[in-house]
Amino acid sequence: MKKIEAIIRKTKFEDVKEALLAADIEWFSYYDVRGEGKMRQARIYRGVMYDTSSIERVLMNIVVRDKNVDKTVKAITDAARTGEIGDGRIFIIPVEDTIRIRTGERGDIALYNAEQEK
């Protein structure tokens, strides 16, 4: 199992969400976050100067079975890519174990409903 953390543009969140659902990745959590990037410049938009050193992003957390890692990463990268600086980052982290609280199931089986696989 792997935990995939993706930091993406807020404007691309709906696209990434739809891409994950299309790839049968149905469970993830997300948070609005702020971060610091390399770009240290002010931008002017409609006559107002904005400091872009603090950037608003969405942090997505997804835990998947090993066989779903590549399709999850592909869905995120394809949907989130604009080709410009600031598209984001993806981190893949090993997960030692998972436990479904309701049933006590452990491991891969706790990540999906076996009844749906039949």
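Residues numbered from 1 in each chain as written. Predicted model: local features only at pLDDT ≥ 70, side-chain atom pairs only at ≥ 80, totals over all residues. Heavy atoms only, no water.

1. Overview of the confidence of the model for the chain
Definition in use: Within a predicted model, pLDDT stands for the predictor's per-residue confidence, ranging from 0 to 100. Numbering of helices and strands starts at the N terminus; helices are DSSP runs of H or I of at least 4 residues and strands are runs of E of at least 2.
Chain-level statistics for the chain give a pLDDT mean of 88 and a share of 84% at 70 or above. The secondary-structure element of the chain with the lowest mean pLDDT is helix α3 (residues 114–117), recorded at 55, while helix α2 (residues 69–80) shows the highest, at 98.

2. Details of unusual backbone geometry
In plain terms, the rule: Exposure is judged per residue with a 1.4 Å probe applied to protein chains only, and the accessible area is read against the type maximum: over 50% gives exposed, under 20% gives buried, and values in between give partly exposed.
The backbone of Asp 24 sits at a positive phi, close to 65 degrees, despite the residue not being glycine. You can see Asp 24 is positioned in the loop between α1 (13–22) and β2 (29–36). The exposed category is assigned to Asp 24, whose relative accessible area is 55%.

3. Considering the sheet that holds β2
Spelled out, the test is: Two strands are counted as paired when DSSP detects at least two bridges linking them. Structural elements are reduced to axes, namely lines fitted to C-alpha atoms, with helices fitted over the stretch in contact, and the angle between N-to-C directions of any two is expressed from 0 to 180 degrees. What makes two residues a contact is simply this: any of their non-hydrogen atoms within 4.5 Å.
Judged by pairing direction, the sheet is antiparallel, and its four strands sit side by side in the order β2-β5-β1-β6 without closing on themselves. The open sheet terminates on both sides in strands that have one partner only, identified here as β2 and β6 (88–94). When the angles between neighbouring strand axes are averaged without regard to direction, this sheet yields 25 degrees. Here eight bridges tie β2 to strand β5 (residues 54–64), and the two strands are oriented antiparallel to one another. Note that in β5 the partner of Asp 32 across the bridge is Val 58. Along the sheet face, α1 touches β1 (2–9), β2 and β5 and points at about 10 degrees away from the line of β5. With respect to the sheet, α2 is in contact with β1, β5 and β6, its orientation differing from that of β1 by roughly 0 degrees.

4. Focus on the packing of α1 against α2
This is how it is decided: Working rule for angles: under 35 degrees goes down as roughly parallel, over 145 as roughly antiparallel, 65 to 115 as roughly perpendicular, anything else as oblique. Note on convention: near helix rotated counterclockwise from far helix by under a right angle means a left-handed crossing. Clockwise means right-handed.
Contact pair α1 / α2: the axes reach a minimum separation of 8 Å and the direction vectors enclose 150 degrees. Relative to α2, α1 is oriented roughly antiparallel. Helix-helix and strand crossings are classified by hand; for α1 and α2 the assignment is right-handed. Contacts from Asp 15, Val 16, Ala 19 and Leu 20 in α1 reach Thr 72, Ala 75, Ile 76, Ala 79 and Ala 80 in α2.

5. Quick word on the pattern of salt bridges
We apply this condition: In what follows, salt bridge is the name for a side-chain nitrogen of Lys or Arg lying within 4 Å of a carboxyl oxygen of Asp or Glu.
Counted by the stated rule, this structure contains eleven salt bridges. Taking the shortest distance from any N to any O, the salt bridge between Lys 3 and Glu 5 comes out at 3.2 Å. Overall, the relative accessible area of 26% leaves Lys 3 in the partly exposed class. Put simply, Asp 78 and Lys 74 hold a salt bridge, and the shortest N to O gap is 2.6 Å. Residue Asp 78 and its partner Lys 74 are located together in helix α2, separated by four residues, close to a single helical turn.

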